[in-house]
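Architecture at a glance
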Amino acid sequence: MTAWCKTACAAFLNPEFYQPFLSTVLEASENIKNMKNFFDEATDLVCEKCGSPMVKKLGRFGFFLACSNFPDCRNTKSISLGVCPKCGGDITLKRSKKGREFYGCSKYPNCDFVSWDKPIEEKCQKCGSTMVEKIGKDKKVIHKCLNESCANEEVVEEQEA
Ligand SMILES: [Zn+2]
Ligand SMILES: [Zn+2]
Ligand SMILES: [Zn+2]
């Protein structure tokens, strides 16, 4: 028996060593059982109904925000992808009856804004509005401003391989 093994085995057979270790493992597995929401991502948004923090969850229709006080509070929200050019509401990812993804206003049916083009994080340099990504005629990627009175378009440089 090597010296290392003697020490290691002695340590492992010593209840003072492994008891706390064991209880940590048990505690952790207990936590995992209780952590059905293990993959929820914390956000700095606050639920307007109960004041608890909102967490980002992955649902059937992609990511959405839900109250961390679930099931006591069942408040959920769509994640805002941009600002609606018609009413200033949130642009959110939606799905048509046929299952096709599109972007629409969270104030629907009061606002009928829809777009097939994906809103991007970058804002219009001219007016600060939300921009969408479009594929142009010659397969060039175009970033287009949603503000109709601005109509700013930027052709994104093609990446050289
Ligand atoms: Zn809540
Ligand atoms: Zn709107
Ligand atoms: Zn613009």
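Below is a short write-up of the structure. Given the structure is predicted, the values throughout are model-derived calculations rather than measurements. (Residues numbered from 1 in each chain as written. Chains lettered and ligands numbered in written order. Predicted model: local features only at pLDDT ≥ 70, side-chain atom pairs only at ≥ 80, totals over all residues. Heavy atoms only, no water.)

Following the criterion strictly, the structure yields one aromatic pair and no others. Above the ring of F63, the side-chain terminus of K56 is found at 4.9 Å from the ring centroid. (Phe/Tyr/Trp six-rings, centres within 6.5 Å; stacked < 30°, edge-to-face > 60°. Lys NZ or Arg CZ within 6 Å of the ring centre and 35° of its normal.)

Reading across the sheet, the four strands line up as β1-β2-β3-β4 and stay open at both edges, with antiparallel pairing between neighbours. Edge strands, defined here as strands with exactly one partner in the open sheet, are β1 (41–46) and β4 (76–78). On average, each strand axis in the sheet is tilted by 40 degrees relative to the strand beside it, whichever way the strands run. Where β1 lies against strand β2 (residues 53–59), three bridges are found, and the strand directions are antiparallel. Pairing of A42 across the sheet is with V55, part of β2. (Pairing = 2+ DSSP bridges. Helix = DSSP H or I, 4+ residues; strand = E, 2+ residues; numbered from the N terminus. Axes fitted to C-alpha atoms, helices over the stretch in contact; angles between N-to-C directions.)

Metal coordination angles in their ideal form are 109.5 degrees for the four-donor tetrahedron and 90 or 180 degrees for the six-donor octahedron. Distances from the zinc ion (ligand 3) to its protein donors, C124 (SG), C127 (SG), C145 (SG) and C150 (SG), fall at 2.2 to 2.3 Å. Seen from the zinc ion (ligand 3), its four donor atoms lie at angles of 99 to 112 degrees, and the figure they make is tetrahedral. Expressed as a motif, the donor residue spacing for the zinc ion (ligand 3) is C-x2-C-x17-C-x4-C. For C145, a relative accessible area of 2% corresponds to the buried category. Residue classification places C150 among the partly exposed residues on the basis of a relative accessible area of 22%. (Donors = N, O, S within 2.8 Å, 3.2 Å for Na, K, Ca; no water. Tetrahedral: all angles 85-135°; square planar, octahedral: opposite > 155°, others 65-115°. Buried < 20%, exposed > 50% of the residue type's maximum accessible area, 1.4 Å probe, protein only.)

So, about the coordination of the zinc ion (ligand 1). Note on the zinc ion (ligand 1): its protein donors are C47 (SG), C50 (SG), C67 (SG) and C73 (SG). The metal-donor distances range over 2.2 to 2.3 Å. Coordination at the zinc ion (ligand 1) is tetrahedral: its four donor atoms span angles of 96 to 116 degrees at the metal. Written as a sequence motif, the donor arrangement for the zinc ion (ligand 1) is C-x2-C-x16-C-x5-C. A residue pair is termed long-range when its members are at least 10 positions apart, and C50 in the loop between β1 and β2 and C67 in strand β3 (residues 62–67) qualify at 17 residues. Residue classification places C50 among the partly exposed residues on the basis of a relative accessible area of 34%. In this structure C67 comes out as buried when scored by relative accessible area, which is 2%.

Spatially, four strands are ordered β9-β10-β11-β12 in an open sheet, and the strand pairing comes out antiparallel. The open sheet terminates on both sides in strands that have one partner only, identified here as β9 (118–123) and β12 (153–155). Pairs of neighbouring strands in the sheet enclose a mean axial angle of 35 degrees, with direction left out of account. Where β9 and strand β10 (residues 130–135) come together, four bridges link them in antiparallel fashion. Residue pairing for β10: K123 is matched across the bridge by T130.

So far we have only geometry, and geometry alone does not tell us how the molecule works.
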